[in-house]
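Observations on the model geometry
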Amino acid sequence: VLRAISPQDLAGQRVLVTLGPTREPWDGVRFWSNPSSGIMGACMAMAAHLRGADVTVVAGPVDLVFPSGITVIPTQTALEMHAACLDLWPLMDIGCATAAVADFRPEPHGPGKFKKSGATSLHIDFVPNPDILKSLGDSKRADQRLIGFAAETCDPRDEAARKLKAKGLDLIAANDVSRHGSGFRTPTNEMYVLDAAGRAESWPLLPKTEVAWRLWDHLLLD
Ligand code: CTP
Ligand code: CA
(Lines give C-alpha, C1' and ligand atoms only; values in the text may rest on other atoms or scores of the structure.)
(Ligands and ions follow the chains in the order given, each with its own letter.)
Protein backbone atom coordinates (compact mmCIF):
# COMPACT_ATOMS: atom_id res chain seq x y z
CA VAL A 1 0.00 0.00 0.00
CA LEU A 2 2.77 2.45 0.95
CA ARG A 3 4.60 1.52 -2.24
CA ALA A 4 1.47 2.43 -4.19
CA ILE A 5 1.38 5.97 -2.78
CA SER A 6 5.14 6.63 -3.00
CA PRO A 7 6.77 8.27 -6.00
CA GLN A 8 8.22 5.50 -8.18
CA ASP A 9 11.30 7.54 -9.05
CA LEU A 10 13.64 4.59 -8.38
CA ALA A 11 11.60 2.12 -10.46
CA GLY A 12 13.78 -0.33 -12.34
CA GLN A 13 16.89 0.63 -10.34
CA ARG A 14 18.77 -2.25 -8.75
CA VAL A 15 20.07 -1.03 -5.40
CA LEU A 16 22.66 -2.70 -3.16
CA VAL A 17 22.72 -1.62 0.51
CA THR A 18 25.31 -2.74 3.07
CA LEU A 19 24.29 -2.38 6.70
CA GLY A 20 25.05 -3.28 10.27
CA PRO A 21 28.32 -4.10 11.98
CA THR A 22 30.68 -6.88 11.00
CA ARG A 23 31.66 -9.56 13.48
CA GLU A 24 35.26 -10.72 13.42
CA PRO A 25 35.88 -13.95 15.35
CA TRP A 26 38.99 -14.28 17.51
CA ASP A 27 38.56 -17.66 19.17
CA GLY A 28 35.69 -20.15 19.37
CA VAL A 29 33.55 -17.94 21.66
CA ARG A 30 34.73 -14.34 21.17
CA PHE A 31 34.59 -11.67 18.48
CA TRP A 32 35.50 -8.04 17.67
CA SER A 33 32.61 -5.82 16.57
CA ASN A 34 30.82 -2.50 17.17
CA PRO A 35 27.31 -1.44 18.27
CA SER A 36 25.91 -0.57 14.82
CA SER A 37 22.17 -1.32 14.67
CA GLY A 38 21.80 -1.20 10.88
CA ILE A 39 18.95 1.31 11.18
CA MET A 40 20.39 3.87 8.73
CA GLY A 41 20.84 1.12 6.15
CA ALA A 42 17.38 -0.28 6.80
CA CYS A 43 15.96 3.21 6.23
CA MET A 44 17.88 3.53 2.94
CA ALA A 45 16.70 0.10 1.84
CA MET A 46 13.06 0.68 2.81
CA ALA A 47 12.91 4.12 1.19
CA ALA A 48 14.39 2.74 -2.06
CA HIS A 49 11.96 -0.19 -1.95
CA LEU A 50 8.98 2.14 -1.46
CA ARG A 51 10.18 4.26 -4.38
CA GLY A 52 10.15 1.26 -6.70
CA ALA A 53 13.76 0.02 -6.58
CA ASP A 54 14.76 -3.62 -6.64
CA VAL A 55 16.70 -3.73 -3.35
CA THR A 56 19.32 -6.22 -2.14
CA VAL A 57 20.63 -5.84 1.40
CA VAL A 58 23.98 -7.32 2.43
CA ALA A 59 23.63 -7.36 6.20
CA GLY A 60 26.08 -7.90 9.01
CA PRO A 61 24.67 -9.47 12.20
CA VAL A 62 21.58 -7.35 13.00
CA ASP A 63 18.11 -7.86 14.47
CA LEU A 64 16.11 -6.46 11.58
CA VAL A 65 13.27 -7.73 9.45
CA PHE A 66 12.55 -6.60 5.92
CA PRO A 67 9.49 -6.90 3.68
CA SER A 68 9.58 -9.95 1.44
CA GLY A 69 10.18 -7.72 -1.60
CA ILE A 70 13.70 -6.95 -0.35
CA THR A 71 16.40 -9.60 -0.81
CA VAL A 72 18.59 -10.00 2.29
CA ILE A 73 22.00 -11.68 2.23
CA PRO A 74 23.22 -12.32 5.78
CA THR A 75 26.97 -12.10 6.47
CA GLN A 76 29.16 -12.07 9.56
CA THR A 77 32.68 -10.91 8.72
CA ALA A 78 34.01 -8.08 6.58
CA LEU A 79 35.54 -10.67 4.25
CA GLU A 80 32.12 -12.31 3.74
CA MET A 81 30.43 -8.93 3.25
CA HIS A 82 33.15 -7.94 0.78
CA ALA A 83 32.77 -11.15 -1.25
CA ALA A 84 28.96 -10.84 -1.37
CA CYS A 85 29.15 -7.20 -2.48
CA LEU A 86 31.75 -7.85 -5.19
CA ASP A 87 29.57 -10.65 -6.60
CA LEU A 88 26.48 -8.44 -6.72
CA TRP A 89 27.97 -5.11 -7.79
CA PRO A 90 28.14 -5.79 -11.58
CA LEU A 91 24.36 -6.46 -11.50
CA MET A 92 23.54 -3.22 -9.65
CA ASP A 93 22.76 0.35 -10.67
CA ILE A 94 23.30 2.00 -7.28
CA GLY A 95 25.38 1.03 -4.24
CA CYS A 96 24.82 2.43 -0.78
CA ALA A 97 27.32 1.56 1.97
CA THR A 98 26.01 2.17 5.47
CA ALA A 99 27.73 -0.80 7.13
CA ALA A 100 30.06 -0.11 10.05
CA VAL A 101 32.72 -2.49 8.75
CA ALA A 102 35.52 -3.40 11.16
CA ASP A 103 38.62 -1.80 9.62
CA PHE A 104 40.77 -4.55 11.18
CA ARG A 105 40.14 -8.10 12.32
CA PRO A 106 41.95 -9.98 15.07
CA GLU A 107 44.51 -12.52 13.95
CA PRO A 108 42.54 -15.65 14.90
CA HIS A 109 43.69 -17.45 18.01
CA GLY A 110 42.08 -20.67 16.85
CA PRO A 111 38.78 -22.51 16.84
CA GLY A 112 38.81 -23.43 20.52
CA LYS A 113 38.17 -21.22 23.54
CA PHE A 114 41.22 -19.25 24.71
CA LYS A 115 42.02 -20.21 28.31
CA LYS A 116 43.30 -17.48 30.61
CA SER A 117 45.43 -19.97 32.57
CA GLY A 118 47.13 -17.44 34.84
CA ALA A 119 47.92 -14.79 32.20
CA THR A 120 48.00 -11.20 33.55
CA SER A 121 47.64 -9.49 30.17
CA LEU A 122 46.49 -10.25 26.66
CA HIS A 123 47.82 -8.96 23.34
CA ILE A 124 45.92 -9.46 20.12
CA ASP A 125 47.32 -8.66 16.66
CA PHE A 126 44.97 -7.16 14.11
CA VAL A 127 45.19 -7.34 10.32
CA PRO A 128 43.45 -4.95 7.90
CA ASN A 129 40.09 -5.78 6.34
CA PRO A 130 39.28 -4.82 2.75
CA ASP A 131 37.54 -1.48 2.23
CA ILE A 132 34.28 -2.70 0.68
CA LEU A 133 33.08 0.71 -0.48
CA LYS A 134 36.44 1.53 -2.06
CA SER A 135 36.36 -1.80 -3.94
CA LEU A 136 32.95 -0.87 -5.34
CA GLY A 137 34.20 2.62 -6.23
CA ASP A 138 37.32 1.26 -7.95
CA SER A 139 35.21 -1.01 -10.19
CA LYS A 140 32.33 1.44 -10.69
CA ARG A 141 31.03 1.77 -14.27
CA ALA A 142 29.97 5.15 -15.70
CA ASP A 143 26.30 4.10 -15.41
CA GLN A 144 26.58 3.14 -11.73
CA ARG A 145 26.22 5.45 -8.76
CA LEU A 146 27.60 5.06 -5.27
CA ILE A 147 26.58 6.54 -1.93
CA GLY A 148 28.85 6.35 1.11
CA PHE A 149 28.65 7.40 4.71
CA ALA A 150 31.30 8.67 7.09
CA ALA A 151 31.35 8.45 10.85
CA GLU A 152 33.65 10.98 12.51
CA THR A 153 34.22 12.23 16.03
CA CYS A 154 34.98 15.77 14.87
CA ASP A 155 33.72 18.26 12.27
CA PRO A 156 33.11 15.83 9.38
CA ARG A 157 33.53 18.22 6.42
CA ASP A 158 37.19 17.58 5.50
CA GLU A 159 36.92 13.82 5.91
CA ALA A 160 33.70 13.75 3.87
CA ALA A 161 35.47 15.46 0.97
CA ARG A 162 38.49 13.17 1.26
CA LYS A 163 36.42 9.96 1.41
CA LEU A 164 34.11 11.05 -1.45
CA LYS A 165 37.17 11.36 -3.72
CA ALA A 166 39.21 8.44 -2.37
CA LYS A 167 36.32 5.97 -2.74
CA GLY A 168 34.95 7.27 -6.05
CA LEU A 169 31.56 8.25 -4.62
CA ASP A 170 28.74 10.29 -6.12
CA LEU A 171 27.35 11.29 -2.74
CA ILE A 172 28.51 11.09 0.87
CA ALA A 173 26.62 11.66 4.11
CA ALA A 174 28.88 12.32 7.06
CA ASN A 175 28.14 12.91 10.69
CA ASP A 176 29.87 13.59 13.98
CA VAL A 177 28.88 10.49 15.95
CA SER A 178 30.04 12.08 19.20
CA ARG A 179 27.18 14.59 18.98
CA HIS A 180 24.01 13.83 20.88
CA GLY A 181 21.40 12.11 18.70
CA SER A 182 23.78 11.24 15.87
CA GLY A 183 25.33 7.90 14.97
CA PHE A 184 25.17 4.41 16.44
CA ARG A 185 21.88 3.08 17.77
CA THR A 186 20.00 6.37 17.54
CA PRO A 187 16.79 6.94 15.53
CA THR A 188 18.16 10.30 14.30
CA ASN A 189 21.20 11.68 12.45
CA GLU A 190 22.63 15.15 11.86
CA MET A 191 24.23 14.96 8.42
CA TYR A 192 26.70 16.92 6.34
CA VAL A 193 25.97 15.94 2.73
CA LEU A 194 28.41 16.44 -0.14
CA ASP A 195 28.16 15.29 -3.75
CA ALA A 196 30.66 14.84 -6.58
CA ALA A 197 29.41 18.08 -8.20
CA GLY A 198 30.55 19.94 -5.06
CA ARG A 199 27.09 20.65 -3.65
CA ALA A 200 27.32 20.71 0.15
CA GLU A 201 24.48 20.88 2.68
CA SER A 202 24.27 20.68 6.46
CA TRP A 203 21.04 19.10 7.57
CA PRO A 204 19.45 19.50 11.02
CA LEU A 205 18.96 16.54 13.33
CA LEU A 206 16.40 14.40 11.48
CA PRO A 207 14.87 10.94 11.86
CA LYS A 208 16.94 8.41 9.89
CA THR A 209 13.80 7.67 7.83
CA GLU A 210 13.79 11.32 6.72
CA VAL A 211 17.58 11.35 6.13
CA ALA A 212 17.17 8.32 3.85
CA TRP A 213 14.31 9.87 1.89
CA ARG A 214 16.28 13.10 1.38
CA LEU A 215 19.43 11.22 0.32
CA TRP A 216 17.52 9.47 -2.46
CA ASP A 217 16.02 12.88 -3.44
CA HIS A 218 19.53 14.31 -3.58
CA LEU A 219 20.92 11.46 -5.68
CA LEU A 220 18.05 11.91 -8.15
CA LEU A 221 18.78 15.65 -8.59
CA ASP A 222 20.80 14.88 -11.72
N1 CTP B 1 33.47 1.13 4.53
C2 CTP B 1 33.48 -0.09 3.86
N3 CTP B 1 34.43 -1.03 4.18
C4 CTP B 1 35.36 -0.79 5.12
C5 CTP B 1 35.34 0.44 5.84
C6 CTP B 1 34.39 1.38 5.50
O7 CTP B 1 32.63 -0.32 2.99
N8 CTP B 1 36.27 -1.73 5.41
C9 CTP B 1 32.49 2.16 4.15
C10 CTP B 1 31.43 2.47 5.19
O11 CTP B 1 30.28 1.65 5.00
C12 CTP B 1 31.13 3.93 4.92
C13 CTP B 1 32.44 4.48 4.40
O14 CTP B 1 33.19 3.35 3.95
O15 CTP B 1 30.17 4.08 3.89
C16 CTP B 1 33.24 5.26 5.38
O17 CTP B 1 33.48 4.49 6.56
P18 CTP B 1 34.34 5.14 7.72
O19 CTP B 1 34.56 4.13 8.79
O20 CTP B 1 33.74 6.48 8.11
O21 CTP B 1 35.72 5.51 6.98
P22 CTP B 1 37.04 4.69 6.71
O23 CTP B 1 37.34 4.84 5.27
O24 CTP B 1 36.94 3.29 7.24
O25 CTP B 1 38.15 5.51 7.52
P26 CTP B 1 38.25 5.74 9.13
O27 CTP B 1 37.47 4.68 9.83
O28 CTP B 1 39.71 5.71 9.39
O29 CTP B 1 37.65 7.14 9.35
CA1 CA C 1 36.27 2.78 9.38
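Along every chain, residues carry numbers that run from 1 in the direction the sequence is written. Labels are handed out in written order, letters beginning with A for the chains and numbers beginning with 1 for the ligands. Only residues with pLDDT of 70 or above have their local features reported here, since the model is predicted, and side-chain atom pairs are shown and tallied only from 80 upward, although totals for entire chains, interfaces and linings are computed over all residues.

Under the annotation held in an unreviewed UniProt entry, the protein chain carries the name Coenzyme A biosynthesis bifunctional protein CoaBC and is attributed to Pseudodesulfovibrio alkaliphilus.

With respect to the overall build of the protein chain
Selection rule: Each helix corresponds to a stretch of at least 4 residues labelled H or I by DSSP, and each strand to a stretch of at least 2 residues labelled E; elements are numbered beginning at the N terminus. Note on method: radius of gyration uses C-alpha positions; expected globular size equals 2.2 Å times residues raised to 0.38. A residue is called partly exposed when the number of other C-beta atoms within 10 Å of its own lies between 12 and 20, exposed at 12 or fewer, and buried at 20 or more, with C-beta atoms placed from the backbone. In this description, any two residues whose backbone-derived C-beta atoms lie within 7 Å of each other are considered to be in contact.
A count of helical and extended segments in the protein chain gives six helices and 12 strands. Computed over its C-alpha atoms, the radius of gyration of the protein chain comes to 18 Å, within 12% of the 17 Å expected for a compact globule of 222 residues. C-alpha extents for the protein chain along the principal axes are approximately 60 × 40 × 30 Å. Across the 222 residues of the protein chain, 38% fall into the buried class. Residue pairs at least 24 apart in sequence account for 62% of intrachain contacts in the protein chain once pairs closer than 6 positions are excluded.

Brief notes about the site of ligand 1
Counted only if it meets this: For each residue, a C-beta atom is placed from the backbone, and the residue counts as near a molecule or strand when that atom lies within 6 Å of it. Gly counts as polar in this scheme, as do all residues outside two lists: the nonpolar Ala, Val, Leu, Ile, Met, Phe, Trp, Tyr, Cys and Pro, and the charged Asp, Glu, Lys and Arg.
A97, V101, I132, L133 and G148 are the nearest of the 16 residues found near ligand 1. Of all the secondary structure elements, the ones that give two or more residues to the shell around ligand 1 are α4 (132–138) and β9 (145–152). Tallying contributions element by element places β9 first for the shell around ligand 1, with four residues. Classifying every residue of the shell around ligand 1 gives nine nonpolar, four polar and three charged.

What to know about the pairing of strand β1 (residues 14–19)
Just so we agree on the cut-off: By the convention used here, strands pair only if DSSP detects at least 2 bridges between them.
Burial within β1 is extensive, with five of its six residues counted as buried. Examined bridge by bridge, β1 and strand β4 (residues 54–59) share six bridges and lie parallel to one another. When the sheet's bridge partners are listed, T18 is paired in β4 with V58. Pairing of β1 with strand β6 (residues 94–97), which is carried by four bridges, proceeds in the parallel orientation. Opposite V17, over in β6, you have C96 as the bridge partner.

Here we look at the nonpolar core
As a reminder of what qualifies: Put simply, a nonpolar core is buried Ala, Val, Leu, Ile, Met, Phe, Trp, Tyr and Cys residues tied into one set by C-beta atoms within 7 Å.
Ranked by size, the top nonpolar core spans 55 residues in total, and within it V15, M44 and I172 carry the most contacts. The element contributing the most residues to this core is helix α2 (residues 39–50), with 10 residues. Ignoring any residue separated from it by four or fewer positions in sequence, one finds V15 in contact with L10, A48, A53, D54, V55, M92, D93, I94 and C96.

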